[in-house]
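Residue-level structural notes
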Amino acid sequence: MGCCGSTQKQRDWKPLEQKKCTDIPWLILFILFNIGMLFICGFAIATGAASRLISGYDSYGNTCGQMNAKIPGIELSGQDHISRKYVFFLDPCNIDIMRRKIKSIALCVSKCPNAELKSYEDLTKFSTTNGSDLCSYEIAPDMYSSHPARATKCPTLPVHPSASLPVFHRCMPVDISCYAKFAEAFITFVSDNSVVHRVIAGVMTSKDIIMGLCLLALVLSLILMVVIRYISVILVWILTAVVVVVATGGCGVLWWLYVDHRNSVNATLPAHELEVAKDNQQALLIYAIGATIFTLILLLLMFFMRKRVALTIALFHVAGKVFTHLPLLALQPFWTFLTLMLFWVYWITVLLFLGTAGSPVQNNQTGLVEFHMDGPLQYMVWYHAVGLIWISEFILACQQMTVAGAVVTYYFTRDKSQLPFTPIVSSALSLMRYHLGTVAKGAFIITLVEIPRLILTYIHNQLKGSENACARCMIKACICCLWCLEKCLSYLNMNAYTATAINSTGFCTSARDAFFILAENVLRVATINSVGDFVLFLGKILIVSCTAFAGVLALNYQREYTVWVLPLIIVCVFAFLVAHCFLSIFESVVDVLFLCFAIDTKYNDGSPGSEYYMDKALMEFVENTRKAAERYTKAEGNSREMKSMTGSSLA
């Protein structure tokens, strides 16, 4: 299970010649870990946490909708709540922002209020009519008006009507004043609430435009994928030129709009419209300055990297062909995203179960019952948190291994007509049959780096505002180092999965072999990772810029009604995420192709019996590189010969 074997002799690469299971001990360990995750879920359900979460419970430890057992030391426990299926809060607006809880007595009731109750007489009438007592269990309905503890044992008046369909059996008032209060407390960092109201109004007013722009981002991403396939030879130059034009043009338009808004502001406008106009003017100024700085940096980077594109263009051309033969690759991010969503929903559900698990404990200050996990059981939450990271990384690693297996099959199949009917499905089946242990091991290594980084990030956030600046700087430096290490390991893992797909070797052996191949081609690796990733980054920027530009033009017609800031940010974030989903798969394909290309050129020379596997585009690159090297060698030989002749004549 360990990573050793540095003394092992170097092996020959034998692509796709044999398939065997790899890293079986790690697969067993991963299965045992998942059994532990299921045990936590089962424990939460068996201890009643699931029923308490779904059905709800009152402040005395009774679960609504069932017969409850008596809890020692708690007077109002052990109630028969079979007919009382809903949780009712006496003061639903009493919200603890820090602990994210409602600081109110909760009762189990037979029916939620369906009309506003303004007095204690209304409470008595509601109880008599519907058989649902809204005051504490020890107070009879006819004592609501005269009981001395009615201020704390009965609901805060007036009682607002609840929603017709209770949320998880909770009576939630339809009046939004409570939620507005919560939201207002949540956004206390905003000094002017009127700004928040205008921003939210802007989002609601622009919702149709936001949806249209998000659809535009999706269409642009698909178009860019098609462009990569059919004009990959000149893709870099076209993309660079378009980015330059869009970036400079966008800067010019933003500055023009800023000047136009500044000239159109009229002091005689109503106060509300004047504030909106000034907000738009300030936002446009910030956008224009930021776009100008970004464009200058972009132009400088493109100027210094303009000559390192030959191999990148060839790999892009082959990657386009890969997507033609393997169209299901474009759908891979959707399956991964769907799997992650399902797992995260499960994880959050179990976490909520754990939040209501444990033994009932009465709070000495409030007298209310809370459920706490004491002793070893409290470490279940930490185990569950580790499971979130490891299993999430495992799902992402499965995508990487699936993509690597499909691309490796395409590259090392000389006759493309002999490819499997669906290489991506064949790769996924091969992963599940042979290489789940390798993927689990690679994901665990990333987890080992990510956990301390997250812990240090939490500590750093807790130290904000403290006087120990040195400690905060040291922690920040450690976080940056761990982040860089995580990125390097992720890149090495991707290449290790590629090597596993080629030779069916274990993770450590594959990682070592891939590392040696990459080390032998370090300059090419630097070129691919700089130029290739930079070009794909330009593609993402192009999609975001075009979407943002269309958004500015569309929102320009609503200058009197809405603030642009939040709608434009939402659109840009969505556009970048969509572009990243598509182009990240393309980036993975390029990385896999490069490792296959490096292996191909190392163990084959194009002679009979040692033919290349590579595509014609890569062969042309190899031939051009060879001819350039021969010309350089010949020129260097002539130069030495001339120097020798000159030295002889002088002698």
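This one's a predicted model, so the numbers in the text were calculated from it and none came from an experiment.

A few words on the overall build of the protein chain. The helix and strand inventory of the protein chain stands at 18 helices and six strands. In the structure as shown, the protein chain presents an accessible area of about 34500 Å², 67% of it carried by carbon and sulfur atoms.

To continue, consider the state of the cysteines. According to the stated counting rule, one finds three disulfides in the structure shown. In this model Cys-112 forms its disulfide with Cys-171; the gap between the sulfur atoms is 1.9 Å. In this structure, the disulfide formed by Cys-112 and Cys-171 twists by about -75° around the S-S bond and is classed as left-handed. Here Cys-112 is found in the loop between strand 4 (106–109) and helix 3 (120–130), whereas its partner Cys-171 is found in the loop between helix 4 (150–153) and helix 5 (177–186), with 59 residues between them in sequence. Here Cys-112 matches Cys-171 in class, with each residue buried. Two residues, Cys-135 and Cys-154, share a disulfide whose sulfurs are 2.1 Å apart. What sets the handedness of the Cys-135 and Cys-154 disulfide is the S-S torsion sign, and at about 115° it is right-handed.

On to helix 1 (residues 24–46), then. Residues spaced three or four apart along an α-helix point in a common direction, a consequence of the helix completing one turn every 3.6 residues. The end-to-end C-alpha distance of helix 1 is 32 Å, a good match for the 33 Å that 23 residues give at a rise of 1.5 Å each. All of the buried residues in helix 1 are Trp-26, Phe-30, Phe-33, Gly-36, Met-37, Ile-40, Cys-41, Phe-43 and Ala-44.

Taken over all residues, the pLDDT of the protein chain has a mean of 76, while the share at 70 or more is 73%. Taken together, the stretch residues 4–9 has pLDDT below 50 and engages in three contacts with residues farther than four places along the chain or on a different chain. In the predicted structure, residues 181–200 sits below a pLDDT of 50 and forms 14 contacts with residues beyond four places in sequence or in another chain.

What the rule picks out here adds up to 13 aromatic pairs. A centroid spacing of 5.0 Å and a plane angle of 75° characterise the contact between Phe-412 and Tyr-613, whose relative ring orientation is edge-to-face. Remark: Tyr-613 occurs in the loop between helix 17 (565–603) and helix 18 (616–650) and Phe-412 occurs in the loop between helix 12 (380–411) and helix 13 (423–462); sequence separation between them is 201 residues. On the accessibility criterion, Tyr-613 (21% relative accessible area) is partly exposed. Linked through ring pairs, Trp-26, Phe-30, Phe-33, Tyr-383, Trp-390, Phe-394 and Phe-444 together constitute an aromatic cluster.

What follows is about the nonpolar core. Leu-329, Val-589 and Leu-593 are the most contacted members of the largest nonpolar core, which has 50 residues in total. Only helix 7 (207–230), helix 10 (310–325), helix 12, helix 14 (469–503), helix 15 (507–520), helix 16 (522–555) and helix 17 provide two or more residues apiece to this core. Looking at which element gives the most residues to this core, the answer is helix 17, with 16 residues. Setting aside chain neighbours within four positions, we find Leu-593 in contact with Leu-315, Val-318, Ala-319, Val-322, Val-407 and Tyr-411. In this structure, Phe-89, Val-109, Leu-117 and Cys-171 belong to the second largest nonpolar core, which totals 29 residues.

Next up on the list: the packing of helix 11 (residues 332–355) against helix 12. At their nearest, the axes of helix 11 and helix 12 sit 11 Å apart, and the two run at 170° to each other. If you check the angle between helix 11 and helix 12, you find them roughly antiparallel. Taken together, the residues of the contact of helix 11 with helix 12 break down into 16 nonpolar, eight polar and no charged.

Our next topic: the side chain of His-435. Relative to the helices and strands, His-435 resides in helix 13. Using a relative accessible area of 2% as the deciding quantity, one classes His-435 as buried. Not counting chain neighbours up to four residues away, the residues in contact with His-435 comprise Lys-19, Lys-20, Thr-22, Met-401, Ser-430, Thr-500 and Ser-504.

On to unusual backbone geometry. Cis rather than trans, the peptide bond between Leu-157 and Pro-158 has omega equal to -5°. Phi at Ser-504 is positive, roughly 55°, even though this residue is not glycine. Counting through the fold element by element, Ser-504 comes out in the loop between helix 14 and helix 15.

Here the structure, examined in full by the defined rule, presents six salt bridges. We note a salt bridge from Arg-453 to Glu-486, for which the minimum N-O separation is 2.9 Å. Of this pair, Arg-453 sits in helix 13 while Glu-486 sits in helix 14; the two residues are 33 residues apart in sequence, bridging distant segments of the chain. A residue is classified by how much of its surface remains accessible, and Arg-453, at 15% relative accessible area, is buried. Judged by relative accessible area, which is 9%, Glu-486 ranks as buried. Salt bridges sharing partners connect three or more residues here, namely Glu-450, Arg-453 and Glu-486.

Before going further, it helps to examine the packing of helix 1 against helix 11. A packed helix pair is summarised by two numbers, namely the angle formed by the two axes and the spacing between the axes. Remark: helix 1 packs on helix 11, axes separated minimally by 9 Å, with the N-to-C direction vectors making an angle of 45°. Relative to helix 11, the element helix 1 is oriented oblique. As for how helix 1 packs across helix 11, the hand of that crossing is left-handed. Here helix 1 contributes Met-37, Leu-38, Ile-40, Cys-41, Ala-44 and Ile-45 to the contact with helix 11, which in turn contributes Tyr-346, Trp-347, Val-350, Phe-353 and Leu-354. A per-class count over the contact of helix 1 with helix 11 returns eleven nonpolar, no polar and no charged.

What counts and what doesn't
Residues numbered from 1 in each chain as written. Predicted model: local features only at pLDDT ≥ 70, side-chain atom pairs only at ≥ 80, totals over all residues. Heavy atoms only, no water. Helix = DSSP H or I, 4+ residues; strand = E, 2+ residues; numbered from the N terminus. Areas by Shrake-Rupley, 256 points an atom, 1.4 Å probe, with all protein chains shown as cover. Disulfide = S-S within 2.5 Å. Buried < 20%, exposed > 50% of the residue type's maximum accessible area, 1.4 Å probe, protein only. Expected span 1.5 Å × (residues − 1). pLDDT = per-residue confidence, 0-100. Contact = heavy atoms within 4.5 Å. Phe/Tyr/Trp six-rings, centres within 6.5 Å; stacked < 30°, edge-to-face > 60°. Core = buried A, V, L, I, M, F, W, Y, C linked by side-chain atoms within 4.5 Å. Axes fitted to C-alpha atoms, helices over the stretch in contact; angles between N-to-C directions. Parallel < 35°, antiparallel > 145°, perpendicular 65-115°, else oblique. Nonpolar A, V, L, I, M, F, W, Y, C, P; charged D, E, K, R; others polar. Salt bridge = Lys/Arg side-chain N within 4 Å of Asp/Glu carboxyl O. Left-handed = near helix turned anticlockwise from the far one by under 90°.

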